[in-house]
Amino acid sequence: MTSLHGETSLHGKVVFITGGARGIGAEVARRLRNRGAKLVLTDLDKAGLEALASALGEDHVLTAVADVRDLPAMQAAAARAVERFGGIDVVVANAGIASYGSVLQVDPEAFKRVLDVNVLGVFHTVRATLPALIERRGYVLIVSSLAAYAAAPGWAPYNASKAGVEIFANALRLELAHRGVGVGSAHMSWIDTALVRDTKADIPAFAELLARLPWPLNKTTTVDRCADAFVRGIEGRQARIFCPRWVGLFRWLKPVLSTPVGEAPIRKTTAELLPRMDAEVAALGRSMSSFNVGSVPRQRD
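Note that this is a predicted model, so its numbers are computed, not measured. (Residues numbered from 1 in each chain as written. Predicted model: local features only at pLDDT ≥ 70, side-chain atom pairs only at ≥ 80, totals over all residues. Heavy atoms only, no water.)

1. A few points about the packing of aromatic side chains
- Taken as a whole, this structure holds 5 aromatic pairs when the rule is applied.
- Aromatic side chains tryptophan 155 and tryptophan 190 sit 5.3 Å apart centroid to centroid with 90° between the ring planes, which places their arrangement in the edge-to-face category. In this pair, tryptophan 155 is assigned in the loop between strand 5 (139-143) and helix 5 (156-176) and tryptophan 190 in the loop between strand 6 (182-188) and helix 6 (194-202), connecting sequence segments 35 residues apart.
- The exposure class assigned to tryptophan 190 is buried, which follows from its relative accessible area of 15%.
- When the centroid spacing of 5.5 Å and the interplanar angle of 75° are considered together, the rings of tryptophan 190 and phenylalanine 206 count as edge-to-face. Of the two residues, tryptophan 190 is situated in the loop between strand 6 and helix 6 and phenylalanine 206 in helix 7 (residues 204-212); the sequence distance between them amounts to 16 residues. Side by side, tryptophan 190 and phenylalanine 206 carry an identical accessibility label, which is buried.
- Site record: aromatic cluster; members linked through ring pairs are Trp155, Tyr158, Trp190 and Phe206.
- Over the ring of tryptophan 252 we find arginine 251, and its NZ or CZ is 4.6 Å from the ring centre. (Phe/Tyr/Trp six-rings, centres within 6.5 Å; stacked < 30°, edge-to-face > 60°. Helix = DSSP H or I, 4+ residues; strand = E, 2+ residues; numbered from the N terminus. Buried < 20%, exposed > 50% of the residue type's maximum accessible area, 1.4 Å probe, protein only. Lys NZ or Arg CZ within 6 Å of the ring centre and 35° of its normal.)

What follows is the structure, encoded as structure tokens:
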């Protein structure tokens with residue numbers, strides 16, 4: 001059902017969200033539930049999922065403890081969603097993590113884990129839910145980042161993963177257009193999630209680097225504002241969602257940002273702060289937040 005403004009009514013729609021236990025995923029879930037949507041929330045944080053489901057109403061929420069790196073687990077979650085609610089209308093591929101340190105310093109296993117969660121996890125999520133989406137001519141939102149357009153020193157794995165899923169979304173949009181399935185990618189600047197807060201707390205040089213970035217790149221946006229943008233984008237089946245709106249300008253500036261002119265504002269700062277960041281990572285003894293360290297990291301973006 002579509003409104004007079006071209007927006008899709010979300011009442012009664014089934015929305016599948018990865019990384020749904022906290023952060024952006026949880027806030028989007030709350031807003032969608034307020035609009036009458038039925039929710040399928042996946043994450044590795046069982047307690048977080050259960051608490052959110054209890055708050056939102058368990059009759060309308062299905063939770064699945066599933067690792068996006070595990071395709072059979074995601075397929076099982078999608079099958080449970082179809083069995084419980086009859087189908088899937090919207091998918092939000094939101095689960096994501098980040099690592100600490102330069103390419104020279106970062107733990108290779110951490111680098112791999114970021115790509116496994118952020119890129120393969122998106123593929124697994126889409127692959128598992130796509131048959132149901134096609135059946136209902138649904139919509140999938142792939143969470144990328146401003147990092148797909150503008151590189152951040154010390155975040156090479158994250159940058160690579162978000163650039164990768166942006167082009168994945170573009171290819172998927174072409175593949176699914178004739179089937180009536182909409183595909184969007186979301187691009188955000190720094191959002192006040194645990195991912196950013198943990199990095200600031202663990203790596204003081206990162207917080208200083210962020211503060212020194214040119215305006216508006218040094219600004220942090222609230223999770224509420226980001227979740228509102230996501231919901232508007234889902235309702236409008238938008239091809240691209242930007243939060244804040246100025247992030248959209250960087251899509252067009254991308255060719256310039258990797259030139260000497262575009263890199264000039266941050267090169268001096270990087271030369272000064274990246275060695276400090278690497279020293280802090282070495283002293284910390286890990287290349288990820290404590291929340292994500294372990295054999296099975298929890299995911300949220």
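Having put the structure on the table, let's press on.
2. As for the pairing of strand 2 (residues 38-43)
- For strand 2, a buried count of 5 out of 6 residues is recorded, marking the element as mostly surrounded by other parts of the structure.
- Relative to strand 2, strand 1 (residues 14-18) runs parallel, the two sharing 5 bridges. Paired with phenylalanine 16 across the bridge in strand 2 is valine 40.
- Of the crossover connections in this fold, the one passing from strand 2 over helix 2 (residues 46-56) to the parallel strand 3 (residues 61-65) is right-handed. (Pairing = 2+ DSSP bridges. Right-handed = clockwise from strand over helix to strand, strands pointing away.)

3. Structural notes on the side chain of aspartate 67
- Its location among the elements puts aspartate 67 in the loop between strand 3 and helix 3 (71-85).
- Among the polar contacts made by the side chain of aspartate 67, one reaches the side chain of arginine 69 at a distance of 2.8 Å. (Polar contact = N/O pair within 3.5 Å; in protein donor to acceptor, adjacent residues only side chain to side chain.)

4. Some words on the packing of helix 1 (residues 23-34) against helix 8 (residues 223-236)
- Where helix 1 meets helix 8, the axes come as close as 9 Å, and the angle between the chain directions of the two elements is 55°. Overall, the two elements helix 1 and helix 8 adopt an arrangement that is oblique. Viewed along their axes, helix 1 and helix 8 form a crossing whose handedness is right-handed. Listed contacts from helix 8 to Gly23, Ile24, Glu27, Val28, Arg31 and Leu32 of helix 1 are Val223, Asp224, Cys226, Ala227, Asp228, Phe230, Val231 and Ile234.
- When grouped by side-chain class, the residues that make up the contact of helix 1 with helix 8 number 9 nonpolar, 1 polar and 4 charged. (Axes fitted to C-alpha atoms, helices over the stretch in contact; angles between N-to-C directions. Parallel < 35°, antiparallel > 145°, perpendicular 65-115°, else oblique. Left-handed = near helix turned anticlockwise from the far one by under 90°. Contact = heavy atoms within 4.5 Å. Nonpolar A, V, L, I, M, F, W, Y, C, P; charged D, E, K, R; others polar.)

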